[in-house]
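Commentary on secondary and tertiary structure
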Amino acid sequence: MKPSRTAEIGRTQRFRKTNLCVLPISALFLLLGTISSHAARIGDLTETSITDQAFRFFTFSDPSLRLALFGCILLGLNCGLLGGFVVVRRMSLVGDTLSHAVLPGIALGFLWNMNKDPVAILIGATLVGGLSMLTVSAITRTTRLKEDAAMGLVLSSFYAVGICLIGMIQRLPSGNKSGIDKFLFGQAAAMNGSDITLMAITAGLTLLFVTFGYRGLLTLSFHRAFGESLGLPMGFLHHAMMLLISFAVVTAMQAVGVVLVSAMLIIPPATACLLTDRMHRVLILSAVIGIATAAFGAFLSFLGSNLPTGPFMVLAGSFVFTMAFLFSPQQGWLTRLWRQRTQKSRIERENTLKAMYHLAERRDFREEGITLLDFAEVRREPLEQIRLQSDDLLRQKLATLTDDGSMLHFTPEGWRKACAVVRNHRLWELYLTNIMQYGTDHVHDDAEKIEHVLGEDTVRQLERRLNFPQTDPHGKPIPGAREVHGQSIPRPAETTGY
Amino acid sequence: MIPALELHDLTVSYAKKPVLYGVDVQVPQGALVGIIGPNGAGKSTMIRAIMGLTPASSGWVQIFGETFEKSRHRVGYVPQREQVDWDFPVNVMDVVLMGRYGRRGWLRRVTKEDKKIAEESLDKVGMLPFRNRQIANLSGGQQQRVFLARALAQQSDFYLMDEPFAGVDATTERAIVTLLQDLQSQGKTILVVHHDLTTAKEYFDHLLLLNMRLVAFGKTADVFTVEQLQKTYGGRLTILSDVAAKASQAEELT
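Residues numbered from 1 in each chain as written. Chains lettered and ligands numbered in written order. Predicted model: local features only at pLDDT ≥ 70, side-chain atom pairs only at ≥ 80, totals over all residues.

**Brief notes about the overall build of chain B**
Heads up, the rule is: Secondary structure elements follow DSSP: runs of H or I of four or more residues count as helices, runs of E of two or more count as strands, with numbering from the N terminus. Atoms counted for the radius of gyration: C-alpha only. Globule rule: 2.2 Å times residue count to the power 0.38. Exposure criterion: with C-beta atoms placed from backbone coordinates, a residue whose C-beta has 20 or more other C-beta atoms within 10 Å is buried, one with 12 or fewer is exposed, and one in between is partly exposed. Contact criterion: two residues are in contact if their C-beta atoms, reconstructed from the backbone, are within 7 Å.
From N to C terminus, chain B includes ten helices and nine strands. Its C-alpha radius of gyration of 19 Å places chain B within 12% of the 18 Å reference for a compact globule of 254 residues. Taking the principal axes of its C-alpha atoms as reference, chain B extends roughly 55 × 40 × 40 Å. Among the 254 residues that make up chain B, the fraction classed as buried is 43%. A sequence separation of at least 24 residues applies to 70% of the contacts in chain B between residues at least 6 apart.

**Let's talk about the overall build of chain A**
Assigned secondary structure in chain A consists of 24 helices and three strands. Counting every position in chain A, which comprises 498 residues, the buried fraction comes to 40%. Counting only contacts in chain A whose residues sit at least 6 apart along the sequence, the fraction spanning at least 24 positions is 68%.

**Observations regarding the domain arrangement of chain A**
How big an interface is tends to be stated in terms of the accessible area lost upon association of its parts. Residue and element names in this part refer to chain A. Put simply, the test is: Domain delimitation follows an automatic or database domain assignment. Classes in brief: Ala, Val, Leu, Ile, Met, Phe, Trp, Tyr, Cys and Pro nonpolar; Asp, Glu, Lys and Arg charged; the others, Gly included, polar.
Examined at the domain level, chain A breaks down into domain 1 (59-331) and domain 2 (332-498). A C-alpha centroid distance of 59 Å is found between domain 1 and domain 2. Counting from both sides, the interface comprises six residues of domain 1 and, opposite them, four residues of domain 2. Its residues assigned to classes, the side of domain 1 that touches domain 2 comprises four nonpolar, two polar and no charged.

**Here we look at the sheet that holds strand 1 (residues 5-14) of chain B**
Residue and element names in this part refer to chain B. Rules: Here a strand pair is declared whenever DSSP counts at least two bridges between the two strands. For every element, the axis is a line fit to its C-alpha atoms; helices are fit only across the contacting stretch, and the angle between N-to-C directions ranges from 0 to 180 degrees.
Pairing is antiparallel across the open sheet formed by three strands, whose spatial order is 2-1-4. Across the chains shown, the open sheet's two edge strands, defined by having one partner strand only, are strand 2 (17-27) and strand 4 (58-63). Sheet twist, expressed as the average angle between the axes of neighbouring strands with direction ignored, equals 25°. Contacts between helix 1 (residues 43-50) and the sheet are confined to strand 1, strand 2 and strand 4, with strand 2 contributing the most and set at about 70° to the helix.

**Some points on the interface of chain B and chain A**
Residue-level contacts link 17 residues of chain B with 20 residues of chain A. Across the side of chain B that touches chain A, the residue classes tally to twelve nonpolar, four polar and one charged.

**A short note on the pairing of strand 3 (residues 32-36) of chain B**
Regular strands show a simple pattern: their side chains alternate between the two faces of the sheet. Residues and elements named next belong to chain B. Most of strand 3 is tucked away, with five of its five residues classed as buried. Residue alternation in strand 3 divides its side chains into two sets, Leu32, Gly34 and Ile36 and Val33 and Ile35, and both sets are buried. Across four bridges, strand 3 lies against strand 7 (residues 189-193) in parallel orientation. What sits directly across from Gly34, in strand 7, is Val192. Direction of pairing for strand 3 relative to strand 8 (residues 206-210): parallel, over a ladder of four bridges.

**Side note on helix 11 (residues 214-222) of chain A**
Along helix 11 of chain A, eight of the nine residues are buried, which leaves the element largely enclosed by surrounding structure. Buried within helix 11 of chain A are the following residues: Arg215, Gly216, Leu217, Leu218, Thr219, Leu220, Ser221 and Phe222 of chain A. The secondary structure elements touched by the buried residues of helix 11 of chain A are helix 4 (63-88), helix 10 (193-212), helix 12 (224-230), helix 13 (234-256) and helix 15 (279-303) of chain A together with helix 3 (92-104) of chain B.

**Describing the confidence of the model for chain B**
Test applied: Along the chain, pLDDT gives the predictor's confidence residue by residue, from 0 to 100.
Averaged over all residues, the pLDDT of chain B is 86; the fraction at 70 or higher stands at 92%. For this predicted complex, the interface score ipTM comes out at 0.88, alongside a pTM of 0.77.

**Some thoughts on the nonpolar core**
Note the threshold: A set of buried Ala, Val, Leu, Ile, Met, Phe, Trp, Tyr and Cys residues, joined through C-beta atoms within 7 Å, is what we mean by a nonpolar core.
Of all hydrophobic cores here, the largest spans 174 residues; its most connected members are Ala252 and Met264 of chain A together with Val33 and Val96 of chain B. With 14 residues, helix 15 of chain A is the largest single contributor of residues to this core. For Met264 of chain A, the contacting residues outside a window of four places in its chain are Leu75, Cys79, Ala252, Val256, Gly290, Ala294 and Met313 of chain A.

**Section: the sheet that holds strand 6 (residues 158-161) of chain B**
Backbone-to-backbone hydrogen bonds pair the strands of a sheet. The strands run either parallel or antiparallel. All names here are of chain B. Taking strand neighbours across the sheet as the criterion, the six strands line up as 5-6-7-3-8-9 in an open arrangement whose pairing is mixed. Each edge of the open sheet is held by one strand with a lone partner, namely strand 5 (75-78) and strand 9 (214-219). The mean inter-strand angle of the sheet, taken between neighbouring strand axes irrespective of direction, is 15°. Across the sheet, helix 5 (residues 140-153) is in contact with strand 5 and strand 6; its angle to strand 5 comes to roughly 170°.

**Some remarks on the environment of Met323 of chain A**
Residues and elements named next belong to chain A. Within the secondary structure, Met323 sits in helix 16 (residues 309-327). Assessed through the 15 C-beta atoms surrounding it within 10 Å, Met323 is described here as partly exposed. The spacing of Met323 and Leu75 is 248 residues in sequence and 22 Å in space, taken between C-alpha atoms.

**A closer look at the packing of helix 6 (residues 103-113) of chain A against helix 8 (residues 147-171) of chain A**
The angle between the axes and the distance between the axes are what describe a pair of packed helices. Residues and elements named next belong to chain A. Let me state the cut-off plainly: Between 65 and 115 degrees an angle is taken as roughly perpendicular, under 35 as roughly parallel, over 145 as roughly antiparallel, and anywhere else as oblique. Left-handed describes a crossing in which the near helix is turned anticlockwise from the far one by less than a right angle; the clockwise case is right-handed.
At a minimum axis separation of 7 Å, helix 6 and helix 8 run at an interaxial angle of 30°. In terms of orientation, helix 6 and helix 8 fall into the roughly parallel class. Judged by the sense of rotation from one axis to the other, the crossing of helix 6 with helix 8 is left-handed. Listed contacts from helix 8 to Leu103, Pro104, Ile106, Ala107, Phe110 and Leu111 of helix 6 are Phe158, Tyr159, Val161, Gly162, Ile163, Leu165, Ile166 and Ile169. Of the residues contributing to the contact of helix 6 with helix 8, the split by class is 13 nonpolar, one polar and no charged.

**Some points on unusual backbone geometry**
All names here are of chain A. In this structure, Arg90 is a non-glycine residue whose phi angle is positive, near 55°. Mapped onto the fold, Arg90 is located in the loop between helix 4 and helix 5 (92-101). You will see that Asn467, though not glycine, has its phi angle at about 60°, which is positive. Position of Asn467 relative to the elements: it lies in the loop between helix 22 (456-465) and helix 23 (481-485). Here Asn467 falls in the exposed class, since 7 other C-beta atoms lie within 10 Å of it.

**Examining the pairing of strand 7 of chain B**
Residue and element names in this part refer to chain B. Under the convention used in this document: Handedness is read with the strands pointing away from the viewer; a crossover is right-handed when the path from the first strand over the helix to the second is clockwise.
Of all five residues that make up strand 7, five are buried, and the element is covered over most of its length. Neither face of strand 7 is left uncovered, since the one carrying Thr189, Leu191 and Val193 and the one carrying Ile190 and Val192 both have all their residues buried. Where strand 6 lies against strand 7, four bridges are found, and the strand directions are parallel. Within strand 7, the residue paired with Leu160 across the bridge is Leu191. Note that the unit made of strand 6, helix 6 (residues 170-185) and strand 7 has a crossover that is right-handed.

**Points about the packing of helix 7 (residues 118-142) of chain A against helix 10 of chain A**
Residue and element names in this part refer to chain A. In contact at an axis separation of 9 Å, helix 7 and helix 10 are set at 45° when each is read in the N-to-C sense. Looking at the two axes, helix 7 sits oblique to helix 10. In this structure, helix 7 contributes Pro118, Val119 and Leu122 to the contact, and helix 10 contributes Ser194, Asp195 and Leu198.

**Focus: helix 13 of chain A**
Filter applied, for reference: For a helix, the expected span equals 1.5 Å multiplied by the number of residues minus one.
Helix length check: helix 13 of chain A (23 residues) gives 31 Å between terminal C-alpha atoms against 33 Å at 1.5 Å per residue, within 8%. One or two positions beyond helix 13 of chain A, positive phi appears at Gly257 of chain A, with a value near 95°.

**Things to note about the confidence of the model for chain A**
Residue and element names in this part refer to chain A. Chain-level statistics for chain A give a pLDDT mean of 81 and a share of 85% at 70 or above. Across residues 1-47, where pLDDT falls below 50, the model places 41 contacts with residues more than four positions away in sequence or in other chains. The low-confidence segment residues 487-498, where pLDDT is below 50, has eleven contacts with residues more than four positions distant or belonging to other chains.

**Remarks on the environment of Leu229 of chain B**
All names here are of chain B. Structurally, Leu229 can be placed in helix 9 (residues 226-233). Looking at Leu229, the number of C-beta atoms within 10 Å reads 18, which means it is partly exposed. Linking Leu229 and Val215, residues 14 residues apart in sequence, is a C-alpha distance of 8.8 Å.

Take a look at the structure:
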């Protein structure tokens, strides 16, 4: 009874450490510092400082570390590639179910000859995994329950059976030091040569399968019925893929742990889906992210003197996902926020240019520049505000300021932009009044918004539709192509006739 | 001439309950056929059963005088648009190229010729400018035209289309009609599931009236009559359906 109790205490300590690992990412490195100093006190390692550990890691001097790292790379590749299909086929819950449900199979594989024989474990796990999937489909086919309920049911019941079996094995005299508990949270260092060989074989199979079967798998994932109508072997491809997924899950389990292994199937491809929108790129990116997060997780766990690997891999993965979520070029949250901000400042700038144009127009373009004082008066804004706006124009090289800082001049580019905005505004007003039959007093506010978003193509269409108009509904001239595309700032002589 | 499609006593059941009873029909080559019938008449089921996607419980299907397995490469398929996830990470060209996998086999690489054929198919439905567009950014009508282009890329002699006109804009509807006529003038045979009675008469030269049972098949002028349409749309064949369900239950018991 006594040894098992000490083992239990050891486990609770590990539990506590694991719980610590699930702290926010910002605390990660801080955490590592405390843990390694803690390890120094226990004295179970000769080299204890983080830099020493990092040095050991990157020189790959430690053979068992080399092995573990290689295993992590293989598992990242394997799970990343298959996960790509899992995610786009909306089978994430299937991956999760499979990874939990194989646990009894692992225990049975162990009981077969009472040691950690990877092949026996793989066979046991695959059989039980297949049984779990059959149970799910039997439940959905014969009852009114939907697939998610069936999977939740199977997942938890199989997992419970697995936990019981593993608990039993640990009470056996020979099972105590077996390392079967490593399957729960994952320990890359627990992998031995034959584990790695098996991993390499399954990863190689996956790579071949995905490379040669890509078109078939793409059709299967996008549109199975169409693939069937073409006579492609959809059933074979589906089942082969499920088999490879269960292989990937089982071989990865020692490094990541049963609870978190499905994260390696889901997080890398989910991240890849945020970054690209073509399937082959999703797969490549997902494999790369899978390898990187697995290796990084191994590194962090190594720094923390062999803490469970799984949580660190998943943390590294979620960190990459968070980055993609925030900064992805198309869908990133911060990217969109940034785009909105730049658009807002562009609109403000264009409004300033327009106001300058109006002021110049009011004086029949006779004066060369606009004094800031006049400008402030017209816009009914304090001078400081006007200075801020003019500073912005100067930065964008749309206007120049005289040396004494009193007068604002358009640059050619600024003049062009001002003309374009005014033209857009007046064209749109004309379109609304002439074609859409709006009253002339109803169109200004709408044009205030539209002027900033009209593209050149739309402008061409509008001009043609309105038969190249010269004046807007209020009788003001519409700047033509000459102003918008010409380089010169019109001198009074040129513009008075307009 | 061998009929393009021959169905002999085709019966299809879902969960032991028949949805299509003993359909016998011979579609001549070069016909443009509209399949008309109320909801639940088994129109889509018939299309799927012809291709073996839904197994038939009895009867047989022949296409150009051979089984579907043997003449599969001569059959093009336009499924309902809702069947796929339009957020899937592929672009228009990827989808259309899938139409070529049947000919090349899924192990072979896509050739330049495949790409050319895919582009021509896209051009025929007016979607060539969208070939690099992510499919999530297409309108419903454009999605439908992508599916049509994919079927065109199959270069088949016999086309099965499941509700291609459902929920599309006027431009797409016109484009599809032109395409159908174009295909027919090339001697292709086309079966189209259609739900709009007002346009059926004008779009198709043959009609197949279906309500779980074949009501009528023939030239539009002969079949499109008040009497036949009443027979097709005059409610479900409740007695037939109930008896069939009871019969199948009885079979289970014995």
